[in-house]
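# Structural overview
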Amino acid sequence: MKILICDTMNSKVLKELHSLGECIDISSSESKDQDLVTEINDAEIVVVRSSTKLTKEIIEKGDCLKIIARCGVGVDNIDIEYAKSQNIKVTNSPSANLNSVVELTVALIISAARKLSLSDSHLKDGKWDRKEFIGMELSGKQLGIVGFGKAGRLVSKIMKSLGMTIAFYDPYIEDWDGPEKRLELDELLITSDVISIHVIKTKETVNLISQEKLDLLKNSAILVNTSRGGVVDEDYLVELLKLKKIFGAGLDVYSEEPPQNVDNFEDINLITTPHIGASTNEAQLKAGIDTVENIKKILAGDDSVAL
Ligand code: NAD
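Residues numbered from 1 in each chain as written. Predicted model: local features only at pLDDT ≥ 70, side-chain atom pairs only at ≥ 80, totals over all residues. Heavy atoms only, no water.

### Let's talk about the nonpolar core
Counting 30 residues, the largest nonpolar core has V146, I195, I197, I209, L214 and L223 as its most contacted members. For this core, the leading source of residues is helix α10 (residues 234–242), giving five residues. With residues near it in sequence (within four places) discarded, I209 still touches L185, L189, I197, L214, L223, V231, V232 and D233. (Core = buried A, V, L, I, M, F, W, Y, C linked by side-chain atoms within 4.5 Å. Buried < 20%, exposed > 50% of the residue type's maximum accessible area, 1.4 Å probe, protein only. Helix = DSSP H or I, 4+ residues; strand = E, 2+ residues; numbered from the N terminus. Contact = heavy atoms within 4.5 Å.)

So this is what it looks like as structure tokens:
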């Protein structure tokens, strides 16, 4: 059985995959796009993270393809509908990255509230002008969560311990009677001091936080997105930061990765990271182990882990 590994995997996970079949690893190939087209042809299993795009055109070249295993949660890089139509099982590891992406989200919120990126560069430039770095205390403020799923709820739990009150917007949650305040999107954006985005990427969530929605934010607001690029109008967000129409922002994900307009990111209270939400040893190992387990289950005829 040929297993095509398209993105970097933890060494323990690679060992497990090797025990399942003949592995071809193109993750560090300089001609990866080309290798993918060639190698997928007789592969039965393809393993990817978020950076490999499995479009219909690529998947249809996989004449023997049985399983697409996404090591991580988001499957917006895979044409699932087409895969399913070809009876190819698609599986992911929905919880493995949770702690890591949530911890990064909390770090971005606190960094924006205390202008950590700007103040770090300031000190390293040999300066000591403390009045430039008056921050914002989070205790007593409202955190507005857009997309109240696994990540949104865990961010809420942690931020409550810092004294924040929680509101959320999520049209797919029915009959809510928890302590968190449920709001419509506009009201959440108008009233929250910190907004954190945790939706999955769908046709509906692309540009959900559009220019018009960003105009609803308070001048003192912070917005953080660790979900998926393109959910927030990032160019307009940067414009608002430059005009000091919002207090700060944090981004781990971008509509184009890597983003091409990074010069615009300088000298504003914007903390950026290169899509590293899941990039911890623990998350990568757990996602990899979950992925191997899912592959084994599907091979044994248990489709409960298939999407
Ligand atoms: P989840 O499926 O548990 O939660 C997503 C929530 O979004 C659900 O509650 C759903 O009802 C809600 N939602 C869907 N459409 C919506 C809409 N139109 N408006 C508002 N809410 C909507 O997913 P999760 O595990 O919490 O992950 C959240 C996001 O974080 C995903 O996009 C995932 O890809 C991303 N993520 C990013 C990284 C990273 O490296 N930055 C790592 C892990 C996860």
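### Here we look at the site of the ligand
Contacts to the ligand come from 26 residues, most closely from K150, A151, D170, V199 and D252. Taking K150, its side chain carries an N or O atom lying 2.8 Å from an oxygen atom of the ligand. V199 places a main-chain nitrogen or oxygen 2.7 Å from an oxygen atom of the ligand. Protein coverage of the free-state accessible area of the ligand, which is 870 Å², stands at 89%. Partitioning the shell around the ligand into residue classes produces 11 nonpolar, 10 polar and five charged. (Near = heavy atom within 4 Å. Polar contact = N/O pair within 3.5 Å; in protein donor to acceptor, adjacent residues only side chain to side chain. Areas by Shrake-Rupley, 256 points an atom, 1.4 Å probe, with all protein chains shown as cover. Nonpolar A, V, L, I, M, F, W, Y, C, P; charged D, E, K, R; others polar.)

### Quick look at the state of the cysteines
A complete count under the given rule lists zero disulfides for this structure. No disulfide involves C6; its sulfur sits 11 Å from that of C23, the nearest cysteine. For C6, a relative accessible area of 0% translates into the label buried. Just so you know, C64 is unpaired, no disulfide at all, and the nearest cysteine sulfur is the one on C6, 15 Å from it. When its relative accessible area of 35% is taken as the criterion, C64 is described as partly exposed. (Disulfide = S-S within 2.5 Å.)

### Focus: the domain arrangement of the protein chain
For the protein chain, the domain assignment lists domain 1 (2–96 + 280–305) and domain 2 (98–272). Look at where the C-alpha atoms of domain 1 and domain 2 centre, and you get two points 31 Å apart. Across the boundary between the two partners, domain 1 contributes nine residues, which contact five residues of domain 2. Across the domain 1 to domain 2 interface the summed buried area is about 520 Å²; carbon plus sulfur atoms make up 45%. The salt bridge involving D76 is made with R228; its shortest N-O contact spans 3.0 Å. Across the contact surface, domain 1 and domain 2 share three residue pairs in polar contact (both at pLDDT 80 or more). Across the side of domain 1 that touches domain 2, the residue classes tally to three nonpolar, four polar and two charged. (Domains from an automatic or database assignment. Buried area = accessible area lost by both parts, 1.4 Å probe. Salt bridge = Lys/Arg side-chain N within 4 Å of Asp/Glu carboxyl O.)

### Comments concerning the side chain of S111
Relative to the assigned elements, S111 resides in helix α5 (residues 98–113). A distance of 2.7 Å separates the side chain of S111 from the backbone oxygen of A107, its partner in a polar contact.

### A few points about the sheet that holds strand β8 (residues 181–182)
Taken together, seven strands build an open sheet; the order of strands is β8-β7-β6-β9-β10-β11-β12 and the sheet is parallel. Where the open sheet ends on each side, the last strands, each with one partner, are β8 and β12 (270–272). Judged from the four bridges that link them, strand β9 (residues 194–197) and strand β10 (residues 222–225) form a sheet pairing that is parallel. Bridge pairing links I195 to L223 in β10. Along the sheet, helix α7 (residues 150–160) makes contact with β6 (142–146) and β7 (165–169), crossing β6 at roughly 170 degrees. Lying on the sheet, α10 is in contact with β10, β11 (248–251) and β12; it crosses β11 at an angle near 150 degrees. (Pairing = 2+ DSSP bridges. Axes fitted to C-alpha atoms, helices over the stretch in contact; angles between N-to-C directions.)

### Re the sheet that holds strand β4 (residues 67–70)
The parallel open sheet is built from five strands, whose spatial order is β2-β1-β3-β4-β5. The strands lining the two open edges of the sheet, one partner per strand, are β2 (22–25) and β5 (89–91). Along the sheet, successive strands turn relative to each other by an average axial angle of 15 degrees, direction set aside. Strands in contact with helix α1 (residues 11–20) are β1 (2–5), β2 and β3 (45–48); relative to β1, the strand with the most contacts, it is inclined by about 155 degrees.

### Details of the environment of E132
By the secondary structure assignment, E132 is in the loop between α6 (116–124) and β6. Along the chain, E132 and K286 lie 154 residues apart, while their C-alpha atoms are 42 Å from each other. Look past the residues within four positions of E132 in its chain and what remains in contact with it is K115 and H122.

### Quick look at the packing of aromatic side chains
Aromatic rings considered in pairs are described by the distance between their centres and by the relative angle of their planes. Summed over all chains, the structure comprises four aromatic pairs. Taken together, a centroid distance of 5.5 Å and an interplanar angle of 80 degrees make the contact between F148 and W176 edge-to-face. One end of the pair, F148, is in the loop between β6 and α7; the other, W176, is in the loop between β7 and β8, and 28 residues separate them in sequence. Overall, the relative accessible area of 26% leaves W176 in the partly exposed class. Through a chain of ring-to-ring contacts, the aromatic side chains of F148, F168 and W176 assemble into a single cluster. Its guanidinium or amino end placed over the ring of Y82, K56 lies 5.1 Å from that ring's centre, counting from NZ or CZ. (Phe/Tyr/Trp six-rings, centres within 6.5 Å; stacked < 30°, edge-to-face > 60°. Lys NZ or Arg CZ within 6 Å of the ring centre and 35° of its normal.)

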